[in-house]
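Structural overview
The chain contents come next:
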Amino acid sequence: MIDYFAIALTHGLMALAAWRLLARPDLDDDSLASEEKAKPKPWLAARDDNPGDGHG
Amino acid sequence: MAMVDLVLLAFIGLIAAMGLKRPFVWILLYIYVDLVIPQKVGWGIIQMFPLSLMMFALAFGGWLVLDSKEGSRFTFRQGLIVALLGLCAFTTFRAEFQDSAWEKWDWVWKSLLFAAFLPLTMRTRLRIEAVALFMVLSIGAICISGGMKTVFGGGGYGTLRLLVVENSGIYESSIISIAAIAIIPIAVWLARFGTVFRPHWTVAAFVAALSFACLLMPVGTNARTGLVCAAVLAAMMLRTVKNRFLYAGIAGVALVMAVPFLPQSYLERMSTIFDHKEDESASTRIAVWGWTLDYVKEHPMGGGFDAYRANSFTYQMPQVTGSGNSRSVTYVEVTDEGRAYHSSYFEMLGEQGWLGLGLWLLLHGIGLLQMELVRRRFRPAKGEKLGWQGGLAEALQQAHVVFMIGALFVGIAFQPFGFLIVGMEIAFGSYLKRQAEEQRQGPSRRWATSHAALSH
C-alpha cells in the first residue's frame, strides 16, 4: 500500500512536471525565458489560479 | 503486482510520448530509468524490455537528430570522463577476473558515457532545473516508501523493503541512505527557486515531508554511513544559515528528542561507529584497504574491475559465549575471501590503479572547487537575497560533499547517481560561463534583457 502511494505521488508529480515543460519555450532556448514573468499581471493579482503557480 | 507494471509502463509511455514534442524530456526519462530501475520494481512484462538500453538510445538519438546544439560545448571534465572510460576499457581487457570484470564493464560504460554526454544537453536554466527535479523525485519515490515504512515499523540493515526485493544497486542500504541525504539540499533549492513548481506553501510542505523521509532512510536501513552523511550535511548547512545559534539549538533539541524513538537495533549498530573491534564489517574494511595498498605496489595500473576477489584474510574474531558467570570470550580464526573494497577511493585505486584514482579525484575535486567559486561569486551582498545561481552552487556542493563522504565507506565510484551530480555541475558551470561571455559582448542582444529579468 505504501509503495503504491509513493509511486503514485512521485510519478504523478514527474508527469505533471514534464507536462508543464512542454509549454515552456525556455526549455530549449534561454532567450525565450518568459518575458511575461517580468511584466506585472495586475489582472491576475486578485486571483490565485495562475497556471504557473505550482499547486503541485 | 501486474498493476504496478501497467502503471509504470503507462508512465514511461506517457513521458516518451511527451518527448515527441520536446526531445529533452527523453533525457529526463533516461535519468528516471537509470535511478529507479523500474524494471526491478515491476514483476512481469516490464522485465521483458531492455528498458535502460532503449531509453539510452532514445535520449541520445533524440539529442543527436532533433535537438539544437547551440551553446553545447565539450569541457575539460567531460574529457576526463572519456579518459576514465578509455582507462576502464584498457584495465578490463587485462583484468585478473575476466568474467566479473566484463559484467561490471557492462553497466559502467553506460554510466560513464551518459555522464560525458549529459552536460551537452543541459543548455538552459530550465533544463538544469528539470534534471534536478527528476533526480529528486526519482530518489524521492524510494525514500517516501522507505521513510513511511520506517515510521510504521520494520526495517534493518539490508531488510527494509524498498520498492524492490533485492538489496542491490541504488536500493542497497548504504547507497540509498547516501543518495537520500544528498538530495535534501537540492530539494530545498527547488522549493526556493523552482520555476516548474513555483515557491508556494504546498511545495514547501512537500519538500519538508520529503526531507524528513530522507533523514529516516539511514534509520530505517540501519546504515551507519547515512548517519555520518547526515551529520556532515548538518555541519555544512551551519555555514550558510542566517541564524547559526538558533539553527544549532533546534538541531540539538531535535536530535535529543529523536533518540528515544530510534529502534534498539539502530542504537546498537550506531555505537559501533566508535568501537569497531567486535564488528566484522568495520575491521575487514580496514584489512581490505591495507591489502589494496599492498596490491597496487605490485600492480600500479590496478587489477581491473573486481580485482578485490584476489584477497583473503585470516584474523581473530572475539566471540562471546554464555552469560553472567559462565560468560567467556574465545577467539576464533575467521578467513574471509574476496571482500569488496567498501570504499570508492580504494575501489578506484585497486581496480584502475593510481592513474584511475587520480582522474577520478581530479574530476570530483574540480567540481567541488568550481561550486565554491560560483558560490562566492554570487554571494548576496548585505540586504540582498540569495539568487538562484548562488543557491544552486551551494546545493550541488553540499550534495557532492555528502556523496564523497559516503564514498569513503561504500564502493560507489561508478554509480550513476554520483555522475549525475558531476554532470549537473559541469552543465551549470558552462552555462554560467556562456552567460558571462554573452554579457561581455554587449547588452544590445535580446537575451541580455531577458536574462536580467530572469536572474532576479
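Observations regarding the overall build of chain A
For chain A, the count of helices and strands is two helices and zero strands. Within chain A, buried positions represent 25% of all 56 residues.

Quick word on helix α15 (residues 388-406) of chain B
End to end, α15 of chain B covers 27 Å across 19 residues, agreeing with the expected 27 Å (1.5 Å per residue, within 8%). Counting buried residues in α15 of chain B gives 15 out of 19 residues, a clear majority hidden from the surface.

Considerations on unusual backbone geometry
Residues and elements named next belong to chain B. The backbone of I37 sits at a positive phi, close to 50 degrees, despite the residue not being glycine. Mapped onto the secondary structure, I37 falls in the loop between α2 (24-36) and α3 (38-41). If you check the backbone angles, D306 has positive phi at about 60 degrees while not being a glycine. Tracing the sequence through the fold places D306 in the loop between α13 (280-298) and β1 (312-321).

Brief notes about the confidence of the model for chain A
Confidence along chain A averages 72 in pLDDT terms, with 59% of residues attaining 70 or more. In this model, residues 46-56 of chain A is a region of pLDDT below 50 whose contacts with residues beyond four sequence positions or in other chains number 17 contacts.

Overview of the interface of chain B and chain A
With 40 residues of chain B at the contact, the number on the chain A side is 32 residues. Among the elements of the structure, α1 (2-18), α2, α7 (125-151), α9 (201-221) and α17 (446-454) of chain B are those that each provide at least two residues to the side of chain B that touches chain A. Here the side of chain B that touches chain A takes 13 residues from α7 of chain B, the largest share from any one element.

Let's talk about the environment of K21 of chain B
All names here are of chain B. Looking at where K21 falls in the secondary structure, it is placed in the loop between α1 and α2. Residue K21 is classed as exposed on the basis of its C-beta count, with 10 C-beta atoms lying within 10 Å. Distance in space between the C-alpha atoms of K21 and A182 is 32 Å, their sequence separation being 161 residues.

Description of the packing of helix α8 (residues 173-193) of chain B against α9 of chain B
Geometry of a packed helix pair, given as the angle between the helix axes and the separation of the axes. All names here are of chain B. Two elements in contact, α8 and α9, have axes whose closest approach is 9 Å; the angle formed by their N-to-C orientations is 165 degrees. Here α9 runs roughly antiparallel to α8, going by the angle between their axes. Read as a crossing pair, α8 and α9 show a hand that is left-handed. Counting all contacts with α8, which are made through S173, I176, S177, A180, I181, I183, I184, A187, V188, L190 and A191, the residues of α9 involved are V203, A204, V207, L210, S211, C214, M217, P218 and T221.

Digging into the environment of G418 of chain B
Residues and elements named next belong to chain B. Along the polypeptide, G418 turns up in helix α16 (residues 416-440). The buried category is assigned to G418, around which 27 C-beta atoms lie within 10 Å. Along the backbone, G418 and M3 are 415 residues apart, and their C-alpha atoms lie at a distance of 32 Å. Once residues lying within four places of it in the same chain are set aside, the contact partners of G418 are F403 and I412.

About the criteria used
Residues numbered from 1 in each chain as written. Chains lettered and ligands numbered in written order. Predicted model: local features only at pLDDT ≥ 70, side-chain atom pairs only at ≥ 80, totals over all residues. Helix = DSSP H or I, 4+ residues; strand = E, 2+ residues; numbered from the N terminus. Buried ≥ 20, exposed ≤ 12 C-beta atoms within 10 Å, placed from the backbone. Expected span 1.5 Å × (residues − 1). pLDDT = per-residue confidence, 0-100. Contact = placed C-beta atoms within 7 Å. Axes fitted to C-alpha atoms, helices over the stretch in contact; angles between N-to-C directions. Parallel < 35°, antiparallel > 145°, perpendicular 65-115°, else oblique. Left-handed = near helix turned anticlockwise from the far one by under 90°.

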